[in-house]
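Spelled out from the first residue to the last, the chains are:
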Amino acid sequence: MSDKSEQQRLSVFKTYKLYVGGKFPRSESGRVYEVSDSKGKWLANAPLSSRKDARDAVVAARKAFGAWSGATAYNRGQILYRVAEMLEGRKSQFVHEVADAEGLSKSKANELVEATIDRWVWYAGWTDKIAQVVGGGNPVAGPYFNLSSPEPTGVVTVLAPQESSFLGLVSVIAPVIATGNTVIVIASERSPLPALSLGEVLATSDLPGGVVNILSGRTAEIATPLASHQDVNAIDLAGADDVLAKELEIAAADNLKRVLRPQPVDDWRATPGIERMTAFLETKTVWHPTGSLGASGSSY
């Protein structure tokens, strides 16, 4: 008779769920789809999001927008850095998931996960600096202060890159929320598991519920109602092919959404620049009279 310690344990499989409004619902439809690794081996069942899930995510993102956009840039930076801390603590889990998702060795996956954590830190540092780069005082002909400052666009839908399940994902989420927007993310259709696990990290960080909402499923099926949704202010088409991108761009025109068309990225590890932050910023310009000083009429 074999010893109990030698008996094989039953596998405890992880149940992946959506992340909407700071909670972990199953898809409203009750549907799931099979996710496999690069060799076709089954990994898990992921939720197959419905149009109702997409609408719920918009409601959650809009509800969170006021407080998140009204927080100080310094506070947003602290929160993003906290997310990086939480990712560092769960690095081994993400190395495993990224290796399976992208067919990489553990060492290559480890490099990508470390680059992803560094990317969070990079954007955390930009939260209280971007206004100085894209805003400022404008010279005008008259006794006025003329000041331009950036403000977040609002609720942004992001189609995550299909081929980069984690680094690419974070590279399109972090700049959107760093500048005060809230986001609905459609995870990579083929490799959604790192994105769904990211929701668990966000839930245990200081990020308010609803700032980031993560959906998995058929990209086109989820993106279509979001592109035409009247309460979505902008859409990033990073994970769309040319045909889908054109369809979504047409749908987005109905309420004049800002649209960021797919940009070819050779290496997600390259320094990203500030373009994804400025893509979802509006510029507010304020005029204020300077007044005059003294009898001589000298002004500021």
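These remarks concern the structure in this document. Since this is a predicted model, take the numbers as computed values, not measurements. (Residues numbered from 1 in each chain as written. Predicted model: local features only at pLDDT ≥ 70, side-chain atom pairs only at ≥ 80, totals over all residues. Heavy atoms only, no water.)

Looking now at the pattern of salt bridges. The tally for this structure, following the rule as stated, stands at 17 salt bridges. The closest approach of N and O atoms between E200 and K14, which form a salt bridge, is 3.1 Å. Taken together, the positions of E200 in helix α7 (residues 193-203) and K14 in the segment before β1 (32-36) put the pair 186 residues apart, joining distant regions of the chain. Residue E200 is classed as partly exposed on the basis of its relative accessible area of 21%. Among the salt bridges present, the one from K284 reaches E151, with a minimum N-O distance of 2.9 Å. Of this pair, K284 sits in strand β10 (residues 281-289) while E151 sits in strand β4 (residues 144-152), and the two are 133 residues apart along the sequence. For K284, a relative accessible area of 39% translates into the label partly exposed. Assessed through its relative accessible area of 33%, E151 is described here as partly exposed. A network of salt bridges, in which partner residues are shared, links K14, R90, E97 and E200. (Salt bridge = Lys/Arg side-chain N within 4 Å of Asp/Glu carboxyl O. Helix = DSSP H or I, 4+ residues; strand = E, 2+ residues; numbered from the N terminus. Buried < 20%, exposed > 50% of the residue type's maximum accessible area, 1.4 Å probe, protein only.)

What follows is about helix α9 (residues 242-252). For α9, every residue scored as buried is listed here: L244, A245, L248 and A252. Buried positions in α9, seen along its axis, are confined to an arc of 100° and lie on one side of it. More than 90 degrees from the buried face of α9, the exposed residues found are D242, V243, K246 and I250. Here the buried face of α9 lies against β5 (155-159), α8 (219-227), β8 (234-236) and β9 (258-260). The N-capping residue of α9, defined by a side-chain oxygen 3.3 Å from the backbone nitrogen of V243, is D241. (Arc of directions from axis to C-beta. Contact = heavy atoms within 4.5 Å. Polar contact = N/O pair within 3.5 Å; in protein donor to acceptor, adjacent residues only side chain to side chain.)

Here we have 5 strands laid out as an open sheet, ordered β7-β6-β5-β8-β9, and parallel in their pairing. Across the chains shown, the open sheet's two edge strands, defined by having one partner strand only, are β7 (212-215) and β9. The average angle at which neighbouring strand axes cross in this sheet is 15°, direction not considered. Pairing between strand β6 (residues 182-186) and β7: 4 bridges, direction parallel. Across the sheet, the residue bridging to I184 is N213, located in β7. Contacting β5, β6, β7 and β8, α8 runs over the sheet at an angle of about 150° to β6. (Pairing = 2+ DSSP bridges. Axes fitted to C-alpha atoms, helices over the stretch in contact; angles between N-to-C directions.)

This brings us to the side chain of D236. Position of D236 among the secondary structure elements: in strand β8. Within the local environment of D236, its side chain forms a polar contact with the side chain of R276, the two groups lying 2.5 Å apart. Beyond its immediate chain neighbours, meaning those up to four positions away, D236 contacts T157, V158, L159, V172, L260, R276 and F280.

Turning our attention to the sheet that holds β10. Sheet architecture is open: 3 strands sit in the order β3-β4-β10, paired in antiparallel fashion. The sheet is open, and its two borders are formed by β3 (136-137) and β10, each paired with just one other strand. In this sheet, β10 lies alongside β4 in antiparallel orientation, the contact comprising 9 bridges. Bridge assignment links L147 to a residue of β10, and that residue is V286.

Under the definition given, this model contains 6 aromatic pairs. On the basis of an interplanar angle of 90° and a centroid distance of 5.0 Å, the ring pair of W122 and Y123 is categorised as edge-to-face. A relative accessible area of 1% places Y123 in the buried class. One aromatic cluster is present, formed by W122, Y123 and W126 through successive ring pairs. (Phe/Tyr/Trp six-rings, centres within 6.5 Å; stacked < 30°, edge-to-face > 60°.)

Counting 62 residues, the largest nonpolar core has W120, L198 and V212 as the members making the most contacts within it. In this view, L198 contacts L87, F94, W120, F166, L169, V170, I173 and I214; residues no more than four positions away in its chain are not counted. One finds V58, A223, V232 and L248 within the second-largest nonpolar core, a separate group that totals 24 residues. (Core = buried A, V, L, I, M, F, W, Y, C linked by side-chain atoms within 4.5 Å.)

It is worth stressing that arrangement in space is one thing and function is another; only the former is reported here.
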